[in-house]
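Residue-level structural notes
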Amino acid sequence: MSETLEGHCLCGAVTIRIDGEHDPRPGACHCRMCQRWTGGLFLCFYAAAETVTVEGPVTRFASSSFAERAFCPKCGSHLWMRDLDGTTSGYDLMPGLFDAARDWPLRSEIYADCAMASVRLEGNHHRETRAEYQAKNPHIEGDAR
Amino acid sequence: MTIYDTNWAEAEAARRAWMAERAVCSACDATLYWRMRGRKPRSIAVALLDDPSGLKVTEEIFVDYRPGWLPPFEDATQSTEAKEMEKLRKFQAGETQ
């Protein structure tokens, strides 16, 4: 999908614009780090780096040796997760920042076997267990934080 | 993109102006709790617990924003945005504690 999308955080200090290719299907992650960060359910969708414009204050937390989690320092809204390898990495953005995301279908779940009992997602979307995901992504150091 | 430090004085002023607050860890932004002003936190992020297995979902709110792939819990009460806004109006008018 390549329409222009605009979203903002809870307090409005941060605006994110996407102008170009992005995937309007959120993926869910149930790993322990994503649970702790969000309080329960982590959802994100992908947008290529060159399509994303960010305005406003942003704080970034390096949650592992290879990725950062960004948030608004004024209201705490989660903004994105992104690889730390510089400016070429795409953004895994929080769909809740964008009004358009209300109608987006769920693309996938990873760490599906680690989901909390209070988070059960319905449908025939792609699912991967912790073991399946970590076998495909050997750089993941573990999620026991 | 610019990286700023949190302006805590500004954040505190904003907090005082609002009816409710959301608390996060200032270092990593982990979600901690939500509470109405002047009340103790009663909405604490489940994922903070090492073992949430004893918990049960008893209440769901703003269900009119529920996506199709997030099914309701059978035994949980279901409340819409309109119902929640009415509760907020009563709280603001001092009709509920």
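Residues numbered from 1 in each chain as written. Chains lettered and ligands numbered in written order. Predicted model: local features only at pLDDT ≥ 70, side-chain atom pairs only at ≥ 80, totals over all residues.

Take the interface of chain B and chain A next. Of the residues lining the interface, 25 residues belong to chain B; the matching set on chain A comes to 29 residues. At the level of secondary structure, the elements contributing two or more residues to the side of chain B that touches chain A comprise strand 1 (2–3) and strand 2 (20–24) of chain B. Its residues placed into classes, the side of chain B that touches chain A shows 19 nonpolar, four polar and two charged. (Contact = placed C-beta atoms within 7 Å. Helix = DSSP H or I, 4+ residues; strand = E, 2+ residues; numbered from the N terminus. Nonpolar A, V, L, I, M, F, W, Y, C, P; charged D, E, K, R; others polar.)

All names here are of chain A. Leu79 and Leu93 are the most contacted members of the largest nonpolar core, which totals 33 residues. Breaking this core down by element, the ones donating at least two residues are strand 2 (15–19), strand 3 (27–29), helix 1 (32–38), strand 4 (42–47), strand 7 (67–71), strand 8 (78–83) and strand 9 (91–93). Broken down by element, the residue count for this core peaks at five residues, all from strand 4. The contacts of leucine 93, once residues within four sequence positions are left out, are Ile16, Cys44, Phe45, Ala47 and Trp80. (Core = buried A, V, L, I, M, F, W, Y, C linked by C-beta atoms within 7 Å. Buried ≥ 20, exposed ≤ 12 C-beta atoms within 10 Å, placed from the backbone.)

Glancing now at the sheet that holds strand 2 of chain B. Residue and element names in this part refer to chain B. Across the sheet, which stays open at both edges, the three strands sit in the order 2-3-4 with antiparallel pairing between neighbours. With partners counted over all chains shown, the strands left at the sheet margins are strand 2 and strand 4 (43–44), one partner each. Relative to strand 4, strand 3 (residues 31–36) runs antiparallel, the two being bridged by two bridges. Looking across to strand 4, one finds that tryptophan 34 is bridged to serine 43. (Pairing = 2+ DSSP bridges.)

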